[in-house]
Amino acid sequence: MKSKIAALFAYFCFVASLFAQSQEEVSLKVDLVAWGNPIHRLCLKSETTTPHSALSFTYSKSIPYSGPALMEIHQVGAAGTEVPEGAKGANIHPELLERRKKSPTLVALAAIPSGSSRATVLLSAAAGGLYQAYVINCDPTKVPVGKLTVLNLSSYKTEMRFSGVAQPRELPPKASMVASPGGNQEVAYALSYLDAEEWITQESNILPVAKDEQTLMIILKSNSELFRSSFGGARGFLQIVTLRRGPREGNDVALISEAEEAAAIKEAERVNRENDKNVSREQKRVQPKQQ
């Protein structure tokens, strides 16, 4: 009985959160990025006549958006294919299926974080011509200019070792952290992942980080042919995508003030400390008791 009440309570909380998002208004710039092959003829509102493209793991021109925080993404000419019953799983937003009854061109819903001035939306193909949206808050306080922000979107616990940093940093799924480059504006790192209780080192690399760019490293698990070698094999167990945005491109970021930069550094340090605390709690929880 208690489990049914808990499930019912969770459902009502979920519905309430959707309602709150549908009522809240946001105004920001949005970047659409395809998790796989390019996606064309996309619009952020059903009445929009100018379509946009989401390029493969690459930024294109940003799109100004003002509207509900639960942002609708439509596809011009979408056939409104019925989603197979067996595919109505966790990767398809329940509200998306409901709204498609009235708007068959609707292909994805993206929950925009409150107060964000910039968001990246990764679109991953789902069933029936729909897309799952992964929203990344790219506000300068979350993805600081001149630093490396690492986000783990894989289902594996990962570990990052940085040159000049004594302790490794663990990143559970959906966690993020910020690393500072050295004097030559480079970050030397080693990436490992936990598989069957064994840490496996995947790669070591050096990544340049420009002082005037937002640099976002995304760790993911993808079957896209974009990550396959000429022989057809996967390039690494996990894949890494690096997104950069700076003043040299048309989709530039505004330079932030010293006060905003200090706030961004403070927020990055807070996120890192919080991640370290969570990792420490997890290690204590799984540590075997002394006999």
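Everything below is about the structure printed above this text.
Residues numbered from 1 in each chain as written. Predicted model: local features only at pLDDT ≥ 70, side-chain atom pairs only at ≥ 80, totals over all residues. Heavy atoms only, no water.

### Concerning the layout of surface pockets
The computed volume of the second largest pocket comes to approximately 240 Å³. If you trace the second largest pocket, you find 17 residues lining it, with F162, S163, V165, S180 and V187 closest to the centre. Among the elements of the structure, β12 (176–179) and β13 (186–195) are those that each provide at least two residues to the lining of the second largest pocket. Looking at the lining of the second largest pocket residue by residue, the class counts come to nine nonpolar, six polar and two charged. (1 Å grid on protein atoms, 1.4 Å probe; cavity = no way out; pocket = protein on both sides within 12 Å on 5 of 7 lines; lining within 4 Å. Points joined across faces, edges and corners; volume = space filled by probe spheres on them. Helix = DSSP H or I, 4+ residues; strand = E, 2+ residues; numbered from the N terminus. Nonpolar A, V, L, I, M, F, W, Y, C, P; charged D, E, K, R; others polar.)

### As for the packing of aromatic side chains
The final tally for this structure, using the stated rule, is four aromatic pairs. Relative to Y134, the ring of W35 has its centre 5.0 Å away and its plane inclined at 35°; by these criteria the two rings are tilted. Of this pair, W35 sits in strand β1 (residues 25–35) while Y134 sits in strand β8 (residues 131–137), and the two are 99 residues apart along the sequence. Exposure remark for W35: the relative accessible area of 12% places this residue in the buried category. (Phe/Tyr/Trp six-rings, centres within 6.5 Å; stacked < 30°, edge-to-face > 60°. Buried < 20%, exposed > 50% of the residue type's maximum accessible area, 1.4 Å probe, protein only.)

### Examining the sheet that holds β13
Strand order in the open sheet made by the four strands is β11-β10-β13-β14, with antiparallel pairing throughout. Strands at the two margins of the open sheet, each flanked by one partner only, are β11 (169–171) and β14 (198–208). For this sheet, the mean angle separating the axes of adjacent strands, direction not counted, is 25°. Taken together, the five bridges between strand β10 (residues 158–162) and β13 define a ladder with antiparallel strand orientation. Residue pairing in the sheet places F162 in a bridge with Y189 of β13. (Pairing = 2+ DSSP bridges. Axes fitted to C-alpha atoms, helices over the stretch in contact; angles between N-to-C directions.)

### Things to note about the pattern of salt bridges
A complete count under the given rule lists eight salt bridges for this structure. With a shortest N-O distance of 3.2 Å, K101 and E98 are connected by a salt bridge. For E213, the salt bridge identified is with R244, shortest N-O distance 3.8 Å. Residue E213 is found in the loop between β14 and β15 (214–220), and its partner R244 is found in strand β16 (residues 239–245); the two are separated by 31 residues along the sequence. Given the relative accessible area of 5%, E213 is considered buried. According to the relative accessible area criterion, R244 is partly exposed, its value standing at 29%. Shared partners join several salt bridges into a network, and the residues in it are D31, R118 and R245. (Salt bridge = Lys/Arg side-chain N within 4 Å of Asp/Glu carboxyl O.)

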